[in-house]
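Single-letter residue listing:
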Protein chains: 2
Amino acid sequence: MSPLDTTHDPARRSWLESANAANADFPVQNLPFAVYAPDRAGDWRIGVAIGDRILDLRAAVHCGAIGAAAPGLDTAPLCADSLDPLLACGHAAWRRLRLALCGLLSAGSAWQPRLGTALHDPALARFRVPARVGDYTDFFTSIHHAARVGELLRPEQPLLPNYKWLPIAYHGRASSILISGTPVVRPWGQLAARGATEPRFAPSARLDYELELAAFIGPGNALGSPIGIGQAEEHVFGLCLLNDWSARDIQAWEYQPLGPFLGKSFGTSVSPWVVTLDALQPFRSPWLRAPDDPAPLPYLDDPTVRRGGALDITLAVQLRSAAMRAAGLAAVTVSTSNARDAYWCLAQLVAHHTVAGCNLRAGDLLATGTQSGPLREQSGCLLELTQGGSKALALPDGSQRRFLEDGDEVTLRAWCERGGARRIGFGDCTGTVLPAIDTPR
Amino acid sequence: MSPLDTTHDPARRSWLESANAANADFPVQNLPFAVYAPDRAGDWRIGVAIGDRILDLRAAVHCGAIGAAAPGLDTAPLCADSLDPLLACGHAAWRRLRLALCGLLSAGSAWQPRLGTALHDPALARFRVPARVGDYTDFFTSIHHAARVGELLRPEQPLLPNYKWLPIAYHGRASSILISGTPVVRPWGQLAARGATEPRFAPSARLDYELELAAFIGPGNALGSPIGIGQAEEHVFGLCLLNDWSARDIQAWEYQPLGPFLGKSFGTSVSPWVVTLDALQPFRSPWLRAPDDPAPLPYLDDPTVRRGGALDITLAVQLRSAAMRAAGLAAVTVSTSNARDAYWCLAQLVAHHTVAGCNLRAGDLLATGTQSGPLREQSGCLLELTQGGSKALALPDGSQRRFLEDGDEVTLRAWCERGGARRIGFGDCTGTVLPAIDTPR
């Protein structure tokens, strides 16, 4: 944003009082995007979160507010039933829209009466995956996750030699990306312990979550035309939360030599709200290397990235069993970590993804991989937290967890807090584990 | 097909004489589908190959031929600019359409004069990827390929213990699927020899092709509802050729532990023509196991599959260097193999892909992986043929090949020949290697 941008000013308040609460995820400084229908019968549209309400962007266009606040801005993409056209517009348009929305929703806006009738209650709304995800890529950016999982799989060499040279990734499954709230069915599969030479066919007994962030790509690149690291962030619209549900016993048996497949493709949850990179501007952190880490290759290096390519986002996992729900017990936080601790940052993921010529398209999703911190209790999945299932977690209902049980509800949360800035949040990404189906046909 | 289906009758002839040539890829018994534009300016439509011509399916609908031959068939999907709607129609509709087209294009059809004006010359036409590929999955079905590549990477254990239990696969990149004829640019990347601990950044020096078949999925399945092996083939519309271009030096450095990524995602070529599973009916082969192979798990086993789940399709790779083209030399065949030799067959790929709940969608592409035969000279990629680049191939222009050079043109071909059946072919899947770009930004 330009130096004159005051959208992050912590003193800025909204005319919607719920947006001004100190712990609100969605103050006027945030303004994340979702695709929603206001009720069972309503049709799909783009919404912007403000306090405890959703602003209907189509209604904001139709009443003239957007046109008045951003004269000349193409408003057709704002009236779509998906973020796709808006993603394709690019950063200059996103920035103008942010400035307009920030003004319209701030205290003192003359548009308050009109926009007050364009608000919906998220508790009554339905949400869906906000863009058509052409391709979904999952990275492996947390060195703490890589090392702790590697220790379980390859104690002799937990971190492979390539890790510090390139952002490792695999192509994920786009068809099974699910909106937060969709239950996840425990998958059947071929299961085998490490070192076993014969599998058995059964429902997964080592079901896990993975705490991740994911970036929605805006304008992409033509095949054969890499995106330079200096331009990489201009191709990122914003971030959501992502739970990369993982069946560890399916994964352990199938993943050699071509990587994860059915152990991950039975469902991947995303949060409805996409927090724009512009909203995250006050929470930038330097991208740091230890003295003995190799210098990044030039295509992964950039002064701006070194200064502020990392993001200071606190991440948390909450767990609630069926018994806890029945007893009226609140979810328990099983770990917190920070996205700043990842070894690779967002701009590097985009630059690396395209360097060999691969084309990104608007709506593509680039996930960070499990975000774990340096301490074991900051692990973003049960595999790490329970040391491969060997050390159980105690839950408030008296039960223990090595992996997820049927009825368990997993909620990912994220927020940014920093002196001199207004707190912003991501909302929730939640999903409940349903029992396996009787028998696959 | 029903016992009364005579679409495969080898005596059946077309009124288009070029379709009756003994070596024609596209006799009236074949009738594969593509999406094409008849010339530079024309718009996209569905075509059916017959002899040396393309039947414009939209024109065949508009002149009343399809309606007369298949009364009540929904013809809207035939007038689309993509196979997507037709793929979603399902097997009963595909079969009716095949019967209708076969009758209309056979000698003696009263529609010959009308349809004779609905033919286009493929030499003047443009083609594109015939469906919107939501997800692209690449399997690893040739045990000969797996063993020979494994020998190069892990001489101590070429074939991993899971290989004979499940069809190994990885998610591929959908955005960079290219229609045959599109050149492929040599990718830059981090390169390292096996066992190296530091990469260098340079254009790939070990560029390779991979000879594959790929299935276009018709109606898919809902998330959480596996497709039983007995129904699996009903979800497959047909097969095309696929060249999974691979940068072996990028792949070797990046692939641990999450599988191939940039070494494959810079481009994947498909042939324009999709040969339907119905057309391949006369070329079914038993799916065989060696006595010491494990019995397939029940979800991968089926009497019909054992009887005829494999497909007798001859596959070939042809290579032509820039110097050969300049000297007017024809392409040289560097290998042939047969899809029948794969360890896993089509129905098993579909059943396995969905058994943990993953949903397939119409237009998804499931590739077989490199199709290599038991003999080294039947290898479907240079990595195997040249034993990791250690034994060069001699080309007719006097040069040698360990991996692909700039200007090399790779053409994949496939055909089915069997006593008592009419030969059918797949046409070509071709691509030429262009030099790497100057420097990635």
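Summarised in this report is the structure supplied together with it. Just so it is clear, the model here is predicted, and its values are computed rather than measured. (Residues numbered from 1 in each chain as written. Chains lettered and ligands numbered in written order. Predicted model: local features only at pLDDT ≥ 70, side-chain atom pairs only at ≥ 80, totals over all residues. Heavy atoms only, no water.)

**What about the side chain of B:Ser265?**
Next, step 1: Examined against the element boundaries, B:Ser265 turns out to sit in the loop between α7 (248-254) and β16 (268-270).
Next, step 2: On the basis of relative accessible area, B:Ser265 is assigned to the buried category, the value being 2%.
Next, step 3: Excluding residues that lie within four positions of it along the chain, B:Ser265 makes contacts with A:His171, A:Cys358, B:Arg173 and B:Ser176. (Helix = DSSP H or I, 4+ residues; strand = E, 2+ residues; numbered from the N terminus. Buried < 20%, exposed > 50% of the residue type's maximum accessible area, 1.4 Å probe, protein only. Contact = heavy atoms within 4.5 Å.)

**A short note on the pattern of salt bridges**
Next, step 1: In this structure the tally under the stated criterion is 55 salt bridges over all chains.
Next, step 2: Residue B:Glu384 pairs with B:Arg148 through a salt bridge whose shortest N-O separation is 2.9 Å. You can see B:Glu384 sitting in helix α11 (residues 382-385) and its partner B:Arg148 sitting in helix α6 (residues 143-153), a full 236 residues away along the chain. Take B:Glu384 and B:Arg148: they sit in the same class, and that class is buried.
Next, step 3: It is possible to trace a salt-bridge network through shared partners that takes in A:Asp25, A:Arg413, A:Glu417, A:Arg423 and A:Asp428. (Salt bridge = Lys/Arg side-chain N within 4 Å of Asp/Glu carboxyl O.)

**Points about the relation of the copies chain B and chain A**
Copies of the same chain, two in number, are related to each other by a rotation about an axis and a translation along it.
Next, step 1: Overlay of chain B on chain A (RMSD 0.0 Å): rotation 180 degrees, translation along the axis 0.0 Å. Interpreted geometrically, this transformation is the action of a two-fold axis. Taking C-alpha positions as the reference, the residue of chain B nearest the rotation axis is B:Gly259, at 2.1 Å.
Next, step 2: Looking at the interface residues of chain B, 100% of them are also at the interface in chain A, so both copies use one shared face. (Least-squares fit on C-alpha atoms with pLDDT ≥ 70 in both.)

**Regarding the interface of chain B and chain A**
Next, step 1: Contact with chain B, which involves 62 residues of that partner, is made by 62 residues of chain A.
Next, step 2: Buried area between chain B and chain A, both sides added, is near 6000 Å², and the carbon and sulfur share of it is 63%.
Next, step 3: Joining chain B to chain A, the criterion identifies four salt bridges.
Next, step 4: Where B:Arg173 meets A:Asp135, a salt bridge forms, and the shortest distance between an N and an O atom there is 3.5 Å.
Next, step 5: Between chain B and chain A we count 23 residue pairs in polar contact (both at pLDDT 80 or more) in total.
Next, step 6: Of all the secondary-structure elements, those providing two or more residues to the side of chain B that touches chain A are β6 (136-139), β7 (169-171), β10 (188-191), α7 and α10 (346-354) of chain B.
Next, step 7: Counting residues per element, the side of chain B that touches chain A draws most heavily on β7(B), which supplies three residues. (Buried area = accessible area lost by both parts, 1.4 Å probe. Polar contact = N/O pair within 3.5 Å; in protein donor to acceptor, adjacent residues only side chain to side chain.)

**Structural notes on unusual backbone geometry**
Residue and element names in this part refer to chain A.
Next, step 1: Put simply, Gln 256 and Pro 257 share a cis peptide bond, and its omega is 0 degrees.
Next, step 2: Tracing the sequence through the fold places Pro 257 in the loop between α7 (248-254) and β16 (268-270).
Next, step 3: The backbone of Leu 31 shows a phi angle near 60 degrees, a positive value even though the residue is not glycine.
Next, step 4: Structurally, Leu 31 is set in the segment before β1 (33-37).
Next, step 5: Leu 31 sits in the buried class, given a relative accessible area of 2%.
Next, step 6: The phi torsion at Gln 387 lies on the positive side, around 50 degrees, for a residue other than glycine.
Next, step 7: Looking at where Gln 387 falls in the secondary structure, it is placed in the loop between α11 (382-385) and β23 (393-394).

**Re the nonpolar core**
Next, step 1: Core analysis: the largest hydrophobic core is formed by 166 residues, its most contacted members being A:Leu280, A:Ile313, A:Phe426, B:Leu280, B:Ile313 and B:Phe426.
Next, step 2: Once residues lying within four places of it in the same chain are set aside, the contact partners of A:Ile313 are A:Leu213, A:Leu239, A:Leu280, A:Ser337, A:Asn338, A:Ala339, A:Ala414, A:Trp415, A:Cys416 and A:Phe426. (Core = buried A, V, L, I, M, F, W, Y, C linked by side-chain atoms within 4.5 Å.)

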